[in-house]
Amino acid sequence: MEKQRINFIIPYFGAFPNYFQYFLNSCRTNSDIDWTIITDNKSAYDYPSNVHIVKSSFAQVKKQIQECFEFRICLDTPHKLCEYKPAYGYIFSKLIEGYDFWGYCDVDVIYGRIRKFITSDVLQSYNKIFHLGHMTLIRNDRYYNELFRKKVQGRCIYKEVFTTDGCYNFDEDFKDNININTLFLESGEKIYRKDDVIADIYVKSNFFRLTQDEWVESYTKSFFLWENGVLTRILQKGKKIEKKEYLYIHLQKRKMKINAKLETYTKRFLIIPNSFEPINKQNLVSKKEFDKVKKWSPNLHYIRIRYKSLKIKLKKKFFD
């Protein structure tokens, strides 16, 4: 069976995160999926062949969006584009011609193996996959592309969203707000949810604590390993070391240092709570790499993991 084609649409203006090349490299390893980035950014990056760049100013994109609607839109800053994400299939219809699914996502993420988690069966069974703004897929069909316009409770929510400068979180699930997920559910559509494959990092913690809706993970000693496109979380629970593969990690605009080489393609690196770190030549996590950064700021303590137990267990379990 031929794989269903996917294209993520990303209008993005201004400076990319300092680890943007890692984002691109993680796109590279998902070579059977496309990304189209509409941007005014002129910085030099090594773009993989499946990441397509459309040069445009924010003013030009605003004009294009305005031409799609008969009412006057409110789009004063690039950040407001988040509210328009559910309409990208309608606004940028020419960019998704020939694709089975289109999507919207963020660039403060590092992907693992997307097709392992979003399988052909999932794509055949659902018309909307996932419910959050940092990654959502919608079937490329006129009905679904225009579902954002559906009336709910006698209200055209999208008009309210697109004509005011408030924050509605129209692109994702948010308590008490009517959003694109509400419109799909009101239309009798099922939404594919598999939250436990997404490493969504809690913004109010210095450590890697995961969050889902209103749930926040307790304090954890953990980091992530990215190796040839596979993203694995390594977690210490007491004396036990556990690992789990994830679809992607969402860093939530977290400030990160780059200590691993930002090369065209780095085969393996660690993601710890404040930086991207290399793995030494012996394929072990060196004690120096964990101990050299003692804190992220004057009042924030660096994550400490018992090196000896990690060295023994990681050598046997994770770096074979």
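Check the entry above for the structure.
Before going into details, it helps to say that this report is about the structure given with it. Please read these numbers as outputs of a predicted model, since none were measured by experiment.

### Remarks on the pattern of salt bridges
By the definition in use, this model includes 16 salt bridges. Residue arginine 5 is joined to aspartate 34 by a salt bridge in which the shortest nitrogen-to-oxygen separation is 3.5 Å. Highlighted residues: arginine 5 in the segment before strand S1 (6-12) and aspartate 34 in strand S2 (residues 34-39), separated in sequence by 29 residues. Under the relative-accessibility criterion, aspartate 34 is labelled buried at 12%. Of the charged contacts, one joins lysine 85 and aspartate 106 as a salt bridge, the two residues approaching to 2.7 Å between their closest N and O atoms. Placement of the pair is lysine 85 in the loop between helix H2 (58-66) and helix H3 (88-91) and aspartate 106 in the loop between strand S4 (101-105) and strand S5 (109-111), with a sequence separation of 21 residues. Comparing lysine 85 with aspartate 106 shows no difference in burial state: the two are buried. Overlapping salt bridges bring together Lys3, Asp32 and Arg115 as one network.

### Brief notes about unusual backbone geometry
Phi is positive for asparagine 169, which is not a glycine, with a value near 50 degrees. Relative to the elements of secondary structure, asparagine 169 occurs in the loop between helix H7 (157-162) and helix H8 (180-186). Non-glycine residue glutamine 252 carries a positive phi angle of around 55 degrees.

### Regarding the environment of lysine 190
For lysine 190, the position within the fold is in the loop between H8 and strand S8 (191-192). Sequence separation between lysine 190 and asparagine 127 is 63 residues, and the spatial gap between their C-alpha atoms is 7.5 Å. Excluding anything up to four places from it in sequence, lysine 190 contacts Tyr126 and Lys128.

### Considering helix H1 (residues 20-28)
For H1, a buried count of eight out of nine residues is recorded, marking the element as mostly surrounded by other parts of the structure. Those residues of H1 that sit buried are Phe20, Gln21, Tyr22, Phe23, Leu24, Asn25, Ser26 and Cys27.

### Quick word on the pairing of strand S6 (residues 128-132)
Buried residues dominate S6, accounting for five of its five residues. Where S6 and strand S7 (residues 135-139) come together, three bridges link them in antiparallel fashion. Looking at the pairing, lysine 128 lines up with isoleucine 138 of S7. Counted along the chain from S6 to the antiparallel partner S7, the turn is two residues long. One ladder, built from two bridges, connects S6 with S8; its direction is parallel. Looking across to S8, one finds that lysine 128 is bridged to isoleucine 191.

### Some thoughts on the packing of aromatic side chains
We describe a pair of aromatic rings using the distance from one ring centre to the other and the angle between the two ring planes. Tallied over the entire structure, the rule returns 38 aromatic pairs. Here phenylalanine 16 and tyrosine 45 contribute two aromatic rings whose centre-to-centre distance is 5.9 Å and whose plane-to-plane angle is 75 degrees, an arrangement assigned as edge-to-face. Of this pair, phenylalanine 16 sits in the loop between S1 and H1 while tyrosine 45 is found in the loop between S2 and strand S3 (51-55), placing the two residues 29 residues apart along the sequence. The exposure class assigned to tyrosine 45 is partly exposed, which follows from its relative accessible area of 25%. Judged by centre distance (6.0 Å) and plane angle (70 degrees), the ring pair of phenylalanine 224 and tyrosine 246 falls under edge-to-face. Taken together, the residues phenylalanine 224 in strand S12 (residues 221-227) and tyrosine 246 in strand S14 (residues 240-246) connect sequence positions 22 residues apart. Given a relative accessible area of 5%, tyrosine 246 falls into the buried group. Put simply, the rings of Phe8, Tyr12, Phe16, Phe20, Phe23, Trp35, Tyr45, Tyr47, Tyr111 and Tyr248 touch in pairs and so form one group of aromatic residues. The ring of tyrosine 99 carries the charged tip of arginine 5 above its face, separated from the ring centre by 4.2 Å. The ring of tyrosine 126 has lysine 190 lying over it, and the distance from NZ or CZ to the ring centre is 5.2 Å.

Procedures and definitions
- Residues numbered from 1 in each chain as written.
- Predicted model: local features only at pLDDT ≥ 70, side-chain atom pairs only at ≥ 80, totals over all residues.
- Heavy atoms only, no water.
- Salt bridge = Lys/Arg side-chain N within 4 Å of Asp/Glu carboxyl O.
- Helix = DSSP H or I, 4+ residues; strand = E, 2+ residues; numbered from the N terminus.
- Buried < 20%, exposed > 50% of the residue type's maximum accessible area, 1.4 Å probe, protein only.
- Contact = heavy atoms within 4.5 Å.
- Pairing = 2+ DSSP bridges.
- Phe/Tyr/Trp six-rings, centres within 6.5 Å; stacked < 30°, edge-to-face > 60°.
- Lys NZ or Arg CZ within 6 Å of the ring centre and 35° of its normal.

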